[in-house]
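Below are the chains, spelled out letter by letter.
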Amino acid sequence: MARILLLHTGGTLGMAPEGDPSSLAPGPYLEHVLERVPELRDLAELQVEVPFNRDSASMEPEHILGLARHIRERVATFDGVVLIHGTDTMAFTASLLGFLLADLGKPVVITGSQRPLAYVRSDARENLVDAVDLATRGVNEVGIVFGTRWLRGVATDKLSVYRYEAFDSPNLAPLAEIGMDLVIHPGAGKFERRVPKGLGAAFESAIAVYRPFPGMPWHLPTDGIRGLLLETYGAGNLPMERGDLLALLRHCRERKMPVVVTTQCASGAVDMEAYALGRALGVEGGISAGRHTRWAALAKLGLLLGTGADVEAVREAFGTSWAGEPI
Ligand code: ASP
């Protein structure tokens, strides 16, 4: 029988109506899970660990870098890993782990739920069963299973606070569809791995994110900011006639700060050649993030800045798919 390492890091799935979720310990937690989802015993031999128990909105990059190290240290005697995580920042964690564990050689299946496992009509039970099942299948992916789909982590975003299909990978087909059967796409696990060596010792969070709206003042970033992420309109457009925006972009150029251009839209790619405004943003130094989700773009930028990478290295990285992320 497959051996699966089940790591619980927090979120709604493990929250109990009556208790303080911070009191979870591996023993009682496993009993709680197996009591409610006994069929997990038919799928795999589980070993449970609770590295920490947090609402994922309180997750810091250091927690995720630590998880990546922990998984590498522990994975040798397991066939796969299931990571239970809150949904709020799951797409960011999935992006970071997708990069950091691209070469792990074993499945890492991330899941959580919209309703706690202990509640009636919870989605936790099915998500857990599907996650453990997928983790036994030997597909080398770091992915999110939620609702009826398994999605490549570096391509995901949370789309709903309500629906049981809470996640999507808007620019990439699902890795698996889950209905009566679990149908894994033939392309799952098959992508070039080009993650640069030496990432993951540090993550630089001093990134300013601007999400424009018409009329927004373009303030200069505060001292200490090392990079910018612009969630631009559509295909990469901004009001390039605005003097304060031009001053901001000049400020970044003078300080050799990368300016990464993503889109506010839920799907599709940045194409800075499509409009005059996008072209002008490119001339002022904007680096197109193409099809990267905002989470994959943030994860990539923070990891690169964590190694002291310069603007050119950032530009090259956004033109390269490191771990199957659409570019
Ligand atoms: N706030 C929770 C979390 O992200 C939400 C959830 O898990 O659904 O930890």
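Heads up: the structure comes first, above all this text.
What this report covers is the structure whose coordinates are included nearby. (Residues numbered from 1 in each chain as written. Predicted model: local features only at pLDDT ≥ 70, side-chain atom pairs only at ≥ 80, totals over all residues. Heavy atoms only, no water.)

## Remarks on the nonpolar core
- By size, the foremost hydrophobic cluster in this structure holds 55 residues, and its most contacted members are Ile110 and Leu303.
- Apart from the residues lying within four places of it in its own chain, the contact partners of isoleucine 110 are Leu83, His85, Met90, Ala94, Leu97, Val142, Gly143, Ile144 and Val145.
- In this structure, Val139, Trp150, Leu175 and Leu182 belong to the second largest nonpolar core, which totals 31 residues. (Core = buried A, V, L, I, M, F, W, Y, C linked by side-chain atoms within 4.5 Å. Buried < 20%, exposed > 50% of the residue type's maximum accessible area, 1.4 Å probe, protein only. Contact = heavy atoms within 4.5 Å.)

## Quick notes on the packing of aromatic side chains
- Per the stated rule, a full pass over the model turns up 5 aromatic pairs.
- Seen from their ring centres, phenylalanine 92 and phenylalanine 203 are 5.8 Å apart, and the 80° between their planes marks the pair as edge-to-face. Placement of phenylalanine 92 in helix α4 (residues 90–100) and of phenylalanine 203 in the loop between β10 (182–184) and β11 (207–210) is noted, with a sequence separation of 111 residues between them. For the pair formed by phenylalanine 92 and phenylalanine 203, the shared burial category is buried.
- Members of the aromatic cluster, joined through ring pairs, are Phe92, Phe203 and Trp295.
- When the ring centre of phenylalanine 78 is taken as origin, the NZ or CZ atom of arginine 3, which lies over that ring, is 4.5 Å away.
- The ring of phenylalanine 191 has arginine 193 lying over it, and the distance from NZ or CZ to the ring centre is 3.8 Å. (Phe/Tyr/Trp six-rings, centres within 6.5 Å; stacked < 30°, edge-to-face > 60°. Helix = DSSP H or I, 4+ residues; strand = E, 2+ residues; numbered from the N terminus. Lys NZ or Arg CZ within 6 Å of the ring centre and 35° of its normal.)

## As for the environment of valine 33
- Turning to its location among the elements, valine 33 is positioned in helix α1 (residues 26–36).
- In this structure the C-alpha to C-alpha distance between valine 33 and glycine 112, which are 79 residues apart in sequence, comes to 13 Å.
- With residues near it in sequence (within four places) discarded, valine 33 still touches Leu40, Leu117 and Leu128.

## Notes on the sheet that holds strand β14 (residues 287–288)
- Read across the sheet, 4 strands follow the order β11-β12-β13-β14 without closing on themselves; strand pairing throughout is parallel. Every interior strand has two partners, whereas the edge strands, β11 and β14, have only one. (Pairing = 2+ DSSP bridges.)

## A few points about the site of the ligand
- The full set of residues close to the ligand is Gly11, Thr12, Asp55, Ser56, Gly86, Thr87, Asp88 and Ser113.
- A distance of 3.0 Å separates an oxygen atom of the ligand from a polar backbone atom of threonine 12.
- Serine 56 has a polar side-chain atom sitting 2.5 Å from an oxygen atom of the ligand.
- Computed on the free molecule, the ligand has an accessible area of 270 Å², of which 89% lies beneath the protein chains in the complex. (Near = heavy atom within 4 Å. Polar contact = N/O pair within 3.5 Å; in protein donor to acceptor, adjacent residues only side chain to side chain. Areas by Shrake-Rupley, 256 points an atom, 1.4 Å probe, with all protein chains shown as cover.)

## What to know about the pairing of strand β5 (residues 142–146)
- Where burial is concerned, most of β5 is hidden: 5 out of the 5 residues are buried.
- In the sheet, strand β4 (residues 108–111) pairs with β5 via 3 bridges, with the strands oriented parallel. Paired with valine 109 across the bridge in β5 is glycine 143.
- Following the backbone out of β4, through helix α5 (residues 124–135) and into the adjacent parallel β5, one traces a crossover that is left-handed.
- When β5 meets strand β6 (residues 149–152), the two strands line up antiparallel, connected through 4 bridges. Counterpart to glycine 143 in the pairing with β6 is arginine 152. (Right-handed = clockwise from strand over helix to strand, strands pointing away.)

## Looking at the pattern of salt bridges
- If you walk through the whole model with that rule in mind, you get 17 salt bridges.
- Aspartate 157 is the salt-bridge partner of arginine 294, the closest N and O atoms lying 3.1 Å from each other. With arginine 294 in helix α8 (residues 294–306) and aspartate 157 in strand β7 (residues 157–158), the pair connects residues that are 137 residues apart, well separated along the chain.
- Its relative accessible area of 28% is what places arginine 294 among the partly exposed residues.
- On the basis of relative accessible area, aspartate 157 is assigned to the buried category, the value being 12%.
- With a shortest N-O distance of 3.6 Å, glutamate 312 and arginine 315 are connected by a salt bridge. Placement of both glutamate 312 and arginine 315 in helix α9 (residues 311–318) is noted, with a separation of 3 residues, approximately one turn of the helix.
- Note on arginine 315: relative accessible area 34%, which makes it partly exposed.
- When salt bridges with common partners are traced through the structure, they connect Arg149, Glu165 and Asp168 into a single cluster. (Salt bridge = Lys/Arg side-chain N within 4 Å of Asp/Glu carboxyl O.)

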